[in-house]
Amino acid sequence: MVTEIPGLSASDAAAPGTLPGLASTLRADAARMEEYARTLRATAATLDGLDEAPPWCGPVLEQQASACLVAADQLRTAAAAADTHVRATGATAATG
C-alpha cells in the first residue's frame, strides 16, 4: 500500500531519514507483523495435530499472534500520524 502525500515528490517520500520515509517503514513493519501472526497461527495449527506437542504451545502461540496484530495496528496508527503531520507541516526534514 502506498500513501500519496500531496506536495511531496516520490523521492522525498521514499528518502530514508525523513518523516515520510519513517511512515513508509512503519507500514512495512506493520505488514511484517501481520505475516508473523499468520506464521504463528499456522505453527499452532500444525502443533495442534501432534501428540508430542506440549498442550501450552497452541495458546502461547495464539497469544503471541494476537500481540503481533496489536503491534501492527499500533505501527499503522503511528504511520498515519506521521502522514498527517507531513501533510499539515510539509515536514521532510531528517528525523533523529
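The preceding data block contains the structure.
Basis of the calculations
- Residues numbered from 1 in each chain as written.
- Predicted model: local features only at pLDDT ≥ 70, side-chain atom pairs only at ≥ 80, totals over all residues.
- Heavy atoms only, no water.
- Helix = DSSP H or I, 4+ residues; strand = E, 2+ residues; numbered from the N terminus.
- Buried < 20%, exposed > 50% of the residue type's maximum accessible area, 1.4 Å probe, protein only.
- Contact = heavy atoms within 4.5 Å.
- Areas by Shrake-Rupley, 256 points an atom, 1.4 Å probe, with all protein chains shown as cover.
- Core = buried A, V, L, I, M, F, W, Y, C linked by side-chain atoms within 4.5 Å.
- Expected span 1.5 Å × (residues − 1).
- Polar contact = N/O pair within 3.5 Å; in protein donor to acceptor, adjacent residues only side chain to side chain.

### Here's the deal with the overall build of the protein chain
Then, number 1: Regarding its fold elements, the protein chain presents three helices and zero strands.
Then, number 2: Helices and strands appear in the protein chain in the N-to-C order α-α-α.
Then, number 3: Out of the 96 residues in the protein chain, the part that is buried amounts to 26%.
Then, number 4: In the protein chain, of all internal contacts separated by at least 6 residues, the share reaching a separation of at least 24 is 78%.
Then, number 5: Of the roughly 6,200 Å² of accessible surface on the protein chain, a fraction of 60% belongs to carbon and sulfur atoms.

### Quick look at the nonpolar core
Then, number 1: Counting residues in hydrophobic clusters, the biggest one holds 13 residues, and the most contacted among them are Met33 and Leu75.
Then, number 2: At the level of elements, helix H2 (19-48) and helix H3 (57-89) are the ones that each hand at least two residues to this core.
Then, number 3: Broken down by element, the residue count for this core peaks at seven residues, all from H3.
Then, number 4: Beyond its immediate sequence surroundings of up to four residues, Met33 is in contact with Cys68, Ala71, Ala72 and Leu75.

### Side note on H2
Then, number 1: Taking 1.5 Å of rise per residue, 30 residues should cover 44 Å, and H2 covers 43 Å from first to last C-alpha, within 8% of that figure.
Then, number 2: Of all the residues in H2, the buried ones are Leu19, Pro20, Gly21, Ala23, Leu26, Arg27, Ala30, Met33, Ala37 and Ala44.
Then, number 3: Looking at where H2 begins, the residue whose side-chain oxygen comes 3.0 Å from the main-chain nitrogen of Gly21 is Thr18.

### Brief notes about H3
Then, number 1: Over its 33 residues, H3 runs 48 Å from end to end, which matches the ideal 48 Å to within 8%, given 1.5 Å per residue.
Then, number 2: Residues Cys57, Leu61, Ala65, Cys68, Ala72, Leu75, Ala79, Ala82, Asp83 and Val86 constitute the buried set of H3.
Then, number 3: Check the buried side of H3 and you find it contacts H2.
Then, number 4: Gly90 sits one or two positions beyond H3 and adopts a positive phi of about 70°.

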